[in-house]
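Letter by letter, the chains look like this.
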Amino acid sequence: MPAQIISGTEIAKQIREELRQEIAELKEKHNLVPGLATVLVGEDPASQVYVGQKEKTSLALGIYSERHDLAADTSEEKLLSLVDKLNKAPKIHGILVQLPLPKHISETRVLYAINPKKDVDGFHPVNLGKLVIGKPDYLPCTPHGIQQLLVRSGIETSGAEVVIIGRSNIVGKPIANILLQKKEGANATVTVCHTGTRDILLHTRRADIIIVAAGKPKALTADMVKDGVVVVDVGVNRVGKTAEGKAILVGDVDFDAVKEKAKAITPVPGGVGPMTITMLMLNTVKAAKMATGLV
Ligand code: GUN
């Protein structure tokens, strides 16, 4: 049977429609407009695209959006003072500082400075700690998007052997903790593989679900998986440009070969990518509701 191709584009569209309705209702019943501030330091082209998409999606859903573009040589002190101002701004419920930051700025200091209640990325240690103890306010956006892709595609996670490749703070560690929770859409047996893993095949070949966030094309090949596996590809690798100058993107999975063995698989692009921004919108709506005592 051909693999089910899990369309992040379609699932993101569904969730955005739900959010658009909820936002309209918040405005009508509570005169509440969720507000998101994005902060971009420097001119990294990929980051500019991401921040532009976040702003565009906010506006399309009825979220108030404020964009702060700062020069690459902005001092850490100046960035921290902007974060402080946004922490205090009543119209702003969520703050997103796009990563990576230029080398002279400490990401840790900046992320710690964001009020955890406005931390819609879910990167603050308070929010990550709440996730680890099973009482999260905000789930980090990409891992939350992965969970939604599985749940909304009817893939059972409870009792499943889930293998994650990659232990980053943004994807690997949080998705492991999300799927470990004793909750619906989770309750999995989770293994995290990384560059120190001695025998990766031992793990991937017995996995029911594999989530690949390795940052390397073809990190998962067909010989590494069993028949009927579910594969989620988080990779975004730019491997060249088309004749028109558009970036050619590939994931971390050898898609054409792995799909022949898989029960379900996410494509790149159109898989995890569209989910990340959608979950940021969901967190911004939650932030606005928490700030006004609605949740
Ligand atoms: N850079 C790459 N992914 C992300 C993300 O999810 N949030 C932020 N703030 N920066 C990123």
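Before reading on, note that the structure itself is shown above.
The structure displayed is predicted, hence computed values, not measured ones.

What counts and how
- Residues numbered from 1 in each chain as written.
- Predicted model: local features only at pLDDT ≥ 70, side-chain atom pairs only at ≥ 80, totals over all residues.
- Heavy atoms only, no water.
- Near = heavy atom within 4 Å.
- Polar contact = N/O pair within 3.5 Å; in protein donor to acceptor, adjacent residues only side chain to side chain.
- Areas by Shrake-Rupley, 256 points an atom, 1.4 Å probe, with all protein chains shown as cover.
- 1 Å grid on protein atoms, 1.4 Å probe; cavity = no way out; pocket = protein on both sides within 12 Å on 5 of 7 lines; lining within 4 Å.
- Sits in = over half its atoms within 2 Å of the grid points.
- Nonpolar A, V, L, I, M, F, W, Y, C, P; charged D, E, K, R; others polar.
- Pairing = 2+ DSSP bridges.
- Helix = DSSP H or I, 4+ residues; strand = E, 2+ residues; numbered from the N terminus.
- Axes fitted to C-alpha atoms, helices over the stretch in contact; angles between N-to-C directions.
- Buried < 20%, exposed > 50% of the residue type's maximum accessible area, 1.4 Å probe, protein only.

(A) Inspection of the site of the ligand at higher detail. Around the ligand, the structure places L96, V97, Q98, L99, D121 and F123. Between L99 and the ligand, the recorded distance is 2.9 Å, taken from a backbone N or O atom to a nitrogen atom. Here the ligand loses 81% of its free accessible area of 280 Å² to cover by the protein chains. Of all the cavities here, the one that holds the ligand is the largest pocket. Residues of the shell around the ligand, tallied by class, amount to four nonpolar, one polar and one charged.

(B) The arrangement of the sheet that holds strand β3 (residues 64-70) in detail. Judged by pairing direction, the sheet is parallel, and its three strands sit side by side in the order β3-β2-β4 without closing on themselves. Because the sheet does not close on itself, it has two edges, and the strands there are β3 and β4 (94-97). Neighbour-to-neighbour, the strand axes of this sheet turn through a mean angle of 15°, independent of strand direction. The pairing of strand β2 (residues 35-41) with β3 spans seven bridges and is parallel. Looking at the pairing, L36 lines up with S65 of β3.

(C) View of the sheet that holds strand β7 (residues 209-212). The six strands are arranged β1-β11-β8-β7-β5-β6 in an open sheet whose pairing can be described as parallel. Strands with a single pairing partner mark the edges of an open sheet, and in this sheet they are β1 (4-5) and β6 (189-193). Inspection of the sheet shows β1 paired to strand β11 (residues 264-265) by two bridges, in the parallel sense. If you follow I5 over to β11, its bridge partner there is I265.

(D) Layout of unusual backbone geometry. Looking along the chain, the bond that leaves L99 and enters P100 is cis, with omega of 0°. By the element assignment, P100 lies in the loop between β4 and α4 (107-113). The omega torsion across V268 and P269 is -5°, close enough to zero to call that bond cis. Within the element layout of this structure, P269 appears in the loop between β11 and α10 (273-291). At N187, a residue that is not glycine, the phi angle is positive and equals roughly 60°. Looking at where N187 falls in the secondary structure, it is placed in the loop between α7 (172-180) and β6. The residue K218 is not glycine, and still its phi comes out positive at about 55°. Looking at the element boundaries, K218 is found in the loop between β7 and β8 (230-233). We classify K218 as exposed; its relative accessible area is 55%.

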